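Listed here are the chains, written in short residue letters.
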Amino acid sequence: IGINYGLLGDNLPSPDRCVSLLKSRNVNRVRIFDPNQDVLTALANAGGMEVVLGTLNSDLEQLASNPSYAAQWVSAHVVPFRARLKFRYITAGNEVIPGPLAHLVLDAMKNLDSALKSAQSAGEFSDESKPYVAPVVEFLAANGYPLLANVYPYFAYKSDPTNIDREYALGNSAAGGGGKRVVDGNLEYLGLFDAMVDTMYAAAEKVKGEAVKVVVSETGWPSAGADVATVDNARTYVNNVAAKARSGGGTPRRAGE
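A brief report on the enclosed structure follows. Here the structure is a predicted model, which means the values were calculated and not measured. (Residues numbered from 1 in each chain as written. Predicted model: local features only at pLDDT ≥ 70, side-chain atom pairs only at ≥ 80, totals over all residues. Heavy atoms only, no water.)

1. Side note on the overall build of the protein
Put simply, the rule is: Each helix corresponds to a stretch of at least 4 residues labelled H or I by DSSP, and each strand to a stretch of at least 2 residues labelled E; elements are numbered beginning at the N terminus. Buried residues are those whose accessible area, probed at 1.4 Å on protein chains only, stays under 20% of the maximum for their type, while exposed residues exceed 50% and partly exposed ones sit between those limits. Contacts are assigned to residue pairs with any non-hydrogen atoms lying within 4.5 Å of each other. Note on areas: these come from Shrake-Rupley sampling with a 1.4 Å probe, and a residue is covered only by the protein chains present in the view. When charges are tallied, Lys and Arg are placed among the positive residues and Asp and Glu among the negative ones, while His and the ends of the chain are skipped. Every charge is mapped to an atom, namely NZ of Lys, CZ of Arg, CG of Asp or CD of Glu.
The helix and strand inventory of the protein stands at 10 helices and 8 strands. With the principal axes as the frame, the protein shows a C-alpha extent of 70 × 40 × 40 Å. The burial tally for the protein puts 37% of its 257 residues in the buried class. A separation threshold of at least 6 residues defines the contact pool for the protein, and within that pool the share at least 24 residues apart is 63%. Approximately 14,400 Å² of the protein is accessible, and the part contributed by carbon and sulfur atoms is 52%. Taken together, the 24 basic and 27 acidic charged side chains of the protein have centroids lying 5 Å from each other.

In structure tokens:
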């Protein structure tokens, strides 16, 4: 059971006051009829809210005819909030069938669906491994067991040094030593270690492993054998990972874990 939060009225309380009232009454499910940024922000700040998010009827024509507009809509109204809100459904308009806009609904839904799928994290198990990993992940989730993963940013960096920043791979951004930062929606990554762990989470979620926790069973950086495999780099990487583990901060996708 939730609340339909409409904005068509005079002298309405502020979004913060409305959401505080909902939380005080243990109402955590809300439907809003357009992507009002103030309302979305208030809901996100409240924590633990589940949202049915609607598009304006006036946006249906563009959503139906222009896939890039649907992508922009999702990027503006869903991606920035998805880490702090659970979007239960996205609705294409409201009370438009029957009516002059009815013919737009299906194409708008299709474009929104494609845009939402494209906005998801790209983490996914390979086609070769998925038939074997998927039932394993499902078993782990059902029993509350973790998924153990060997996480080596070094190998990722070596495979694509042109597009992966070395300091980012070493974890120096998180340690305050400069280096690239990577933004995925409203999640900011200061090191490749976090990004690789969260990619594993994203892949597990796609095979019914939403409840699975990832345990890093191996990591490290070689100290010889290649140009970036130095004692200094190995020391830097291991110290950065150790500091991260001690902090207890978790990853952007799984804060505190």
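Picking up after the structure, the text goes on.
2. Examining the packing of aromatic side chains
The line we're drawing: For Phe, Tyr and Trp, where Trp contributes only its six-membered ring, two rings pair if their centres lie within 6.5 Å, and the inter-plane angle classes them as stacked under 30 degrees, edge-to-face over 60, or tilted in between. A positively charged side chain is recorded as over a ring if its NZ (Lys) or CZ (Arg) lies within 6 Å of the ring centre. The angle to the ring normal must also be within 35 degrees.
All chains considered together, the criterion is met by 5 aromatic pairs. Here a set of aromatic residues connected by ring pairs shows up, and it is made of Tyr152, Tyr154, Phe155, Trp221 and Tyr237. The residue whose ring lies beneath Arg254 is Tyr201, and the NZ or CZ to ring-centre distance is 4.5 Å.

3. Here's the deal with the sheet that holds strand β2 (residues 29-32)
The condition is simple: One bridge is not enough; two strands pair if DSSP finds at least two bridges between them. Helix axes are fitted only over the stretch in contact, all axes being lines through C-alpha atoms; the angle between N-to-C directions runs from 0 to 180 degrees.
With parallel pairing, 4 strands are arranged side by side in an open sheet as β1-β2-β3-β4. With partners counted over all chains shown, the strands left at the sheet margins are β1 (3-5) and β4 (86-91), one partner each. This sheet shows a mean twist of 20° between the axes of neighbouring strands, independent of strand direction. Relative to β2, β1 runs parallel, the two sharing 3 bridges. Counterpart to Asn4 in the pairing with β2 is Arg31.

4. Comments concerning helix α2 (residues 37-46)
Stated precisely, the cut-off is as follows: Each polar contact in these results corresponds to two N or O atoms within 3.5 Å; when the atoms are within protein, one needs to be able to donate a hydrogen and the other to accept it, and residues that are neighboring in sequence are counted only if both atoms are side-chain atoms.
Regarding α2, the residues found buried are Val39, Leu40, Ala42, Leu43 and Ala44. The secondary structure elements touched by the buried residues of α2 are β1, α1 (15-24), β2, β3 (50-54), α4 (67-77) and β4. A side-chain oxygen of the first residue of α2 lies 3.0 Å from the backbone nitrogen of Asp38; this N-cap is Asn36. Note on α2: the residue one or two positions beyond its end, Gly47, has a positive phi of about 80°.

5. Re the layout of surface pockets
Selection criterion: A cavity here means a set of 1 Å grid points, computed over protein atoms only, where a 1.4 Å probe fits but cannot escape. A pocket is an open set with protein on both sides within 12 Å along at least 5 of 7 lines, and lining residues have an atom within 4 Å of a point. Grid points are joined across faces, edges and corners, and a volume is the space filled by probe spheres set on the points. Under the convention adopted here, Pro, Cys and the residues Ala, Val, Leu, Ile, Met, Phe, Trp and Tyr are nonpolar, Asp, Glu, Lys and Arg are charged, and Gly plus all remaining residues are polar.
Here the second largest pocket is characterised by a volume of approximately 280 Å³. Contributing to the lining of the second largest pocket are 16 residues, with Phe193, Val216, Lys244, Ala245 and Glu257 lying nearest its centre. Contributing elements (two or more residues each) for the lining of the second largest pocket: α9 (192-205), β8 (214-218) and α10 (231-247). In the lining of the second largest pocket, the residues fall into 8 nonpolar, 5 polar and 3 charged.

6. Examining the pattern of salt bridges
Once the charged atoms of two side chains with opposite charge are near each other, the side chains can pair. Let me state the cut-off plainly: Any Lys or Arg side-chain nitrogen found within 4 Å of a carboxyl oxygen on Asp or Glu counts as a salt bridge.
Within the structure shown, the criterion is met by 9 salt bridges. The salt bridge partner of Arg253 is Glu205, with a shortest N-O separation of 2.6 Å. Of this pair, Arg253 sits in the segment after α10 while Glu205 sits in helix α9; the two residues are 48 residues apart in sequence, bridging distant segments of the chain. Across the pair Asp232 and Arg235 runs a salt bridge, and its minimum N-O distance is 2.8 Å. With Asp232 and Arg235 both in helix α10, this residue pair falls 3 residues apart, about one helical turn. Take Arg235: its relative accessible area is 45%, and that puts it in the partly exposed class. Put simply, Arg29, Glu50 and Arg88 are held in one network by salt bridges that share partners.

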